[in-house]
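What follows is each chain in one-letter form.
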Amino acid sequence: PRIENDTIIMGVHLSKNSVIKLGIAYPLAQSTKLKIYESRIQQKVDSYIELPRTLAETGKVNLTKRRIHQLIGTIFLEKCAVNLLTTVLDTPDFFWDASDALCGLYDSLFEYLEIADRVEILNARFEILEAMLDMLRDQNQNEHSSFLEWIVIILIVVEVVIGLVEILGLCGIIRQRH
């Protein structure tokens, strides 16, 4: 079999061979599975692309800490699905005992469909999404830290005012109520 213009061409005698068909079907199935993940990640990219733009324009993003963590979890699950839970990059067991010609057919289709390159691109997208969400999480944590710092400052000011009132009361400048 050979590939021309995204078409697999094989002779009549090979088209009746189910082992050859299986050798062709495996990389096609892997490519199709990978396309599903690529589409899902593209949807995530499309929905999250406005977040950095909004942050750049307004200085903040209206996402709660919980929502940011949910987005991080979603991206992590997708990354695990592609890299850990699927067999997109694995050579199927069927080919371990297959002839060299069949393994060569599988390898050539795997390479033609650019499966390894597509997984690498997908992982680069995961890294970009993770970096963006980490930045949003850090920004959210910085806002929270700033809020806590202001609370501490206000409490210190209240403590100083109470201390001054007590000192002025002891000095007789302010009459103490009994």
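Above this text is the structure in question.
The numbers attached to residues start from 1 for each chain and follow its sequence in the written order. Per-residue local features are limited, in this predicted model, to residues with pLDDT of at least 70; the limit for side-chain atom pairs, both in listing and counting, is 80 or more; totals at the level of whole chains, interfaces and linings are taken over all residues. Excluded from the side-chain calculation are hydrogens and water; included are all heavy atoms of the structure.

(A) Structural view of the nonpolar core. Counting 33 residues, the largest nonpolar core has Tyr 48, Leu 51, Leu 122, Leu 129 and Leu 136 as its most contacted members. Strands are runs of DSSP state E lasting at least two residues, helices are runs of H or I lasting at least four, and both sets are numbered from the N terminus onward. Within the residue set of this core, elements represented by two or more residues are helix 2 (18–48), helix 3 (50–58), helix 4 (65–83), helix 5 (100–112) and helix 6 (115–170). At eight residues, helix 6 tops the list of elements feeding residues into this core. Any two residues whose heavy atoms approach within 4.5 Å are treated as being in contact. Not counting chain neighbours up to four residues away, the residues in contact with Leu 136 comprise Leu 51, Leu 55, Val 61, Leu 63 and Ile 68. Remark: nonpolar core denotes a set of buried residues (Ala, Val, Leu, Ile, Met, Phe, Trp, Tyr, Cys) joined through side-chain atoms within 4.5 Å. Accessibility here uses a 1.4 Å probe with only protein chains present; expressed as a share of the type maximum, an area under 20% marks a residue as buried, one over 50% as exposed, and anything in between as partly exposed.

(B) Region of interest: unusual backbone geometry. Residues other than glycine seldom take positive phi values, yet Glu 114 does so here, at roughly 55°. Inspection of the secondary structure puts Glu 114 in the loop between helix 5 and helix 6. With relative accessibility at 45%, the residue Glu 114 sits in the partly exposed group.

(C) Molecular detail of the environment of Gly 11. With respect to the secondary-structure elements, Gly 11 resides in the loop between strand 2 (7–9) and helix 1 (12–15). Placed 10 residues apart in sequence, Gly 11 and Pro 1 show a C-alpha to C-alpha distance of 7.2 Å.

(D) Region of interest: a nonpolar patch on the surface. A residue counts toward a patch only above 30% relative accessible area and without a salt bridge, and it is joined to like-charged neighbours within 9 Å or, for Val, Leu, Ile, Met, Phe, Trp and Tyr, to nonpolar neighbours within 5 Å. Each accessible area is a Shrake-Rupley estimate made with a 1.4 Å probe; only the visible protein chains count as cover when residues are assessed. We define a salt bridge as a contact between a side-chain nitrogen of Lys or Arg and a carboxyl oxygen of Asp or Glu at a distance within 4 Å. Taken together, the side chains of Trp 150, Val 152, Ile 153, Ile 156, Val 157, Val 160, Val 161, Leu 164, Val 165, Leu 168, Ile 173 and Ile 174 present a nonpolar region at the surface, about 1,100 Å² in accessible area. Following the sequence through the fold, Ile 173 ends up in the segment after helix 6.

(E) Examining the packing of helix 2 against helix 4 more closely. Their axes nearest at 11 Å, the elements helix 2 and helix 4 cross at an angle of 160°. Taken together, helix 2 and helix 4 sit at an angle that is classed as roughly antiparallel. The element helix 2 and its partner helix 4 pack so that their crossing is left-handed. Contact residues: Tyr 37, Arg 40, Ile 41, Lys 44 and Tyr 48 in helix 2; Leu 71, Thr 74, Ile 75, Glu 78, Ala 81 and Val 82 in helix 4. Split into classes, the residues belonging to the contact of helix 2 with helix 4 amount to seven nonpolar, one polar and three charged. Axis definition: a line fitted to C-alpha atoms, over the contacting stretch in the case of helices. Angles run 0 to 180 degrees between N-to-C directions. For classification purposes, angles smaller than 35 degrees are called roughly parallel, those larger than 145 roughly antiparallel, those between 65 and 115 roughly perpendicular, and all remaining angles oblique. Should the near helix be turned anticlockwise from the far one by less than a right angle, the crossing is left-handed, and should it be turned clockwise, the crossing is right-handed. Residue polarity is assigned by list, with Asp, Glu, Lys and Arg as charged and Ala, Val, Leu, Ile, Met, Phe, Trp, Tyr, Cys and Pro as nonpolar; anything else, Gly included, falls into the polar class.

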